[in-house]
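Coordinate inspection notes
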Amino acid sequence: MNMQQAIKMTAAETALVDAYTAQIGDLPGDGAVLSLRDTLVHELKTAGLPTRRVESWHYTDLRTLLRAVPSADPSAFADRVDPIVPGSSVLSVRNGQADLKSLPEGVTARSYTESLLDGSAVAGLAVLGSDDAIGRINGGLVGGGLEIALAEGAEFEAPLEIQIAQSHGQAHTRFPVSFGAGSKATVIERHLSTNGDASFVSSVTDLTLAEGADVIWIILQQQGPADTHLGQIRFDLGKDAKLHLVVINAGGKLVRQELHGKASGEGADLTLRGINLLGGDSHTDVTFTLSHDVPHTTSTEIIRNVVFDRAKGVFQGKILVAKDAQKTDAKMSCNTLLLSDEGDFSAKPELEIFADDVQCGHGATVIDIDHTQLFYLLSRGIPENKARAMLVNAFVAEIVEELEADEALVEALEGVISAWLAKHA
Amino acid sequence: MLEIKNLHARIAEDGTEIIRGLDLTVKAGEVAAIMGPNGSGKSTLSYILSGREDYEVTEGDILYNGESILELDASERAAKGIFLAFQYPVEIPGVATMQFLKVAMNEQRKYRGEDELTTPEFMRRVKEAAAELKIAPEMLRRPVNVGFSGGEKKRAEILQMALLEPKLCILDETDSGLDIDALKVVADGVNALRSPDRAVVVITHYQRLLDYIIPDTVHVLYKGQVIKSGDKALAHELEANGYADIIEAAA
Ligand SMILES: Nc1ncnc2c1ncn2[C@@H]1O[C@H](COP(=O)(O)OP(=O)(O)OP(=O)(O)O)[C@@H](O)[C@H]1O
Ligand SMILES: [Mg+2]
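To keep things clear, this report deals only with the structure shown in the data block. Quick caveat, the model's predicted, so the values are computed rather than measured.

1. Examining the overall build of chain B
In terms of regular secondary structure, chain B is built from ten helices and twelve strands. A burial count over chain B gives 52% of its 251 residues as buried. Across chain B, contacts joining residues at least 24 apart in sequence account for 68% of those joining residues at least 6 apart. A total of about 11,200 Å² of accessible surface is found on chain B, and carbon and sulfur atoms cover 49% of it. Counting 29 positive and 41 negative side-chain charges, chain B places the averaged centre of each group 5 Å from the other.

2. So, the coordination of the magnesium ion (ligand 2)
Residue and element names in this part refer to chain B. Within the first shell, the magnesium ion (ligand 2) binds the protein through Ser43 (OG) and Gln87 (OE1), at distances of 2.0 to 2.2 Å. Taken as a pair, serine 43 in helix α1 (residues 42–50) and glutamine 87 in the loop between β6 (82–85) and β7 (92–96) lie far apart in primary sequence, 44 residues in all. Judged by relative accessible area, which is 18%, serine 43 ranks as buried.

3. Quick notes on the sheet that holds strand β12 (residues 225–230) of chain B
Residue and element names in this part refer to chain B. Here six strands make up an open sheet; going across it, the order is β6-β9-β10-β3-β11-β12 and the pairing mixed. Lying at the two open borders of the sheet, with one neighbouring strand each, are β6 and β12. Taken pair by pair, the neighbouring strands of this sheet meet at an average axis angle of 20°, ignoring direction. As paired elements, strand β3 (residues 31–35) and strand β10 (residues 199–203) share four bridges and run parallel to each other. Among the inter-strand pairings, alanine 32 is bridged to a residue of β10, identified as valine 201. Lying on the sheet, helix α6 (residues 150–164) is in contact with β6 and β9 (168–172); it crosses β6 at an angle near 165°.

4. Some words on the sheet that holds strand β12 (residues 254–263) of chain A
Residue and element names in this part refer to chain A. With mixed pairing, the nine strands of this open sheet are ordered in space as β3-β4-β6-β8-β10-β12-β14-β16-β18. Of all the strands in the sheet, just β3 (107–111) and β18 (344–353) have a single pairing partner and so form its edges. Neighbouring strand axes in the sheet, compared pairwise and without regard to direction, differ in orientation by 10° on average. Where strand β14 (residues 283–292) meets strand β16 (residues 312–321), ten bridges bridge the pair, whose relative direction is parallel. Counted as the bridge partner of histidine 283 is lysine 312 from β16. Along the sheet, helix α5 (residues 133–141) makes contact with β6 (169–179), β8 (199–209), β10 (228–237) and β12, crossing β6 at roughly 100°.

5. What to know about the side chain of glutamine 166 of chain A
Residue and element names in this part refer to chain A. Looking at where glutamine 166 falls in the secondary structure, it is placed in strand β5 (residues 160–166). Within the structure, the side chain of glutamine 166 is placed 2.6 Å from the backbone oxygen of histidine 168, a separation counted as a polar contact. Ignoring anything within four residues of it in the chain, the contact list for glutamine 166 reads Ala78, Asn95, Gly96, Ala171, Leu192, Ser193, Thr194, Ser199 and Val201.

6. Observations concerning the interface of chain B and chain A
By a widely used convention, the size of an interface equals the accessible area lost when the partners come together. Taken together, the contacts link 32 residues of chain B with 17 residues of chain A. A salt bridge links arginine 380 of chain A to glutamate 157 of chain B, with the shortest nitrogen-to-oxygen separation between them at 2.7 Å. Where chain B packs against chain A, one counts eleven residue pairs in polar contact (both at pLDDT 80 or more). Elements represented by at least two residues in the side of chain B that touches chain A include exactly α1, α2 (74–79), β6, β7, α3 (97–111) and α6 of chain B. Broken down by element, the side of chain B that touches chain A gets its largest block of residues, seven residues, from α3 of chain B. When the residues that make up the side of chain B that touches chain A are grouped by side-chain class, the tally is 19 nonpolar, eight polar and five charged.

About the cut-offs
Residues numbered from 1 in each chain as written. Chains lettered and ligands numbered in written order. Predicted model: local features only at pLDDT ≥ 70, side-chain atom pairs only at ≥ 80, totals over all residues. Heavy atoms only, no water. Helix = DSSP H or I, 4+ residues; strand = E, 2+ residues; numbered from the N terminus. Buried < 20%, exposed > 50% of the residue type's maximum accessible area, 1.4 Å probe, protein only. Contact = heavy atoms within 4.5 Å. Areas by Shrake-Rupley, 256 points an atom, 1.4 Å probe, with all protein chains shown as cover. Lys, Arg positive; Asp, Glu negative; His and termini not counted. Charge placed at Lys NZ, Arg CZ, Asp CG, Glu CD. Donors = N, O, S within 2.8 Å, 3.2 Å for Na, K, Ca; no water. Pairing = 2+ DSSP bridges. Axes fitted to C-alpha atoms, helices over the stretch in contact; angles between N-to-C directions. Polar contact = N/O pair within 3.5 Å; in protein donor to acceptor, adjacent residues only side chain to side chain. Salt bridge = Lys/Arg side-chain N within 4 Å of Asp/Glu carboxyl O. Nonpolar A, V, L, I, M, F, W, Y, C, P; charged D, E, K, R; others polar.

Just distances and angles here, no functional claims.
Below, the structure is given as structure tokens:
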């Protein structure tokens, strides 16, 4: 008997390992992929899910919070829904299975299952570090997804929606996406649940932006109230590449969205915007790391949180500026509108700077509704509940309005926000 | 239309009494001017009339059309026809002006049991009223009051008043920050609303505005009380001599 087995596995840990065991023989992969899966699941079994003692999981003790994991159901079926922005091209992955029917010109895509089967996926399956629980769970269990490439110079007017829909059970998906030099596109990675049954979803996206690529990537998380969502975005920004990354959390019971990236080409720029709409008994964590590796790169990060009920939220943001990365300009802020005494938001912004000629700053605030603004709206005959909703909406809508170049997109995202607020405020 | 009887009110937070036994009656059709030194409680009175919760009424009553409004919240008072043009209009980033106007108009209509306005009808009314007040359409595309100059903010207040068609209009130093031409435009806007079933309370420091909006009555507020009332001649007297004599006589 080895030592680690002395640690009693939780119900969730057991369920994850069982899910793997039950699918052995069905999970796709060549020899290398299959043996990596084995290693990852073995690590999960021996190390367990991360607890608060693991620094990067301090505010989200996954081992305690993840009480149960529904078992995988291969017969689960999710309907396709209309894209959030009318006129978008839709690539859908339903209950883990990719559908490649409507590919716009300039985009090539194939099912990630094939990359697993031919072994080309193996390098990307490695975890980011010993604390990469999402990478580990996903790498062990991933069944499908999409490998997408945008041709050099390709430009798209309408957004591309990657629709990841789940009815119940489990889905583990991957999306390696490469943007060719000078390409320009808006992509919406949309996670949604088609009914109220519990789902457990993990998803890893790996973005590579070549020189001068200009990308808006929106993660719209609209899981159901019983769902667990473990998401991870990895990104690498080449020379003069621009990424406007927007994370909108508007659903789920237990959510962790990680964003890990590096600015590895001079002139690279990241705009990170986060909107966390938190209600009920949910727990939502956005964890971000960015390393500025070369000189003359820039980033701004603004996170806006709205907390109702007993919801708990976390933002961890860490910006690393490498020794040679002079002239880095980075600004990070996290603002929370706390609308309930029982709600809670923890913000941990961090800067680790090894270069001396840089401009970096961060700040975190917690605020309440502005009483003067509220009175102004009331004094015009707007009832209090509606006036409050308008102000809460305004607090987050400012971020969406930055996408003003695409009116339909702004309208669609504002619709998501106001629909959520109508239900929770 | 408005009867304020022995009103005492204090700041809810720290209990400081600001309004100390104030009596004032304004009849339908009347334009009443309220004047008084800085800090005498004019803005506080206007806030209390419109239902701001930062103040607590400890004694006395406010009757509007014969009924006490003390139990009504600010939005109900507005829907019943009380409008305050703020001394310092509030900026609300993230709330579009047009959306704000539409929600306000329709919520008031709903409260009164009237049908909501259709979008074309709403647009027509806004366009017309904005043109009268010489408000540029670009201003209406910005968030509420955000980036407006002092004078633009005051004009935007009058635009809201014109659209909401209140019965009791309270103007708190609407003239401050306005250039001569804008003052005329705003005064015309107010005069256009004068009618036998509407009352206007004009808070001001200057005779200038009262040359355009001629008051029926003038009241001097000092330390939370009306210490003297008269007709428009009183305003001229104040302009010429200041408050000292009146304050002394009242002491
Ligand atoms: N919320 C508040 N907190 C603290 N003090 C207040 C508050 N509201 C009013 N006051 C005080 O009450 C007094 C009356 O203020 P108010 O604004 O009503 O005066 P005013 O007559 O409108 O003056 P002005 O002519 O300068 O506009 C002032 O001393 C002011 O500082
Ligand atoms: Mg004042």
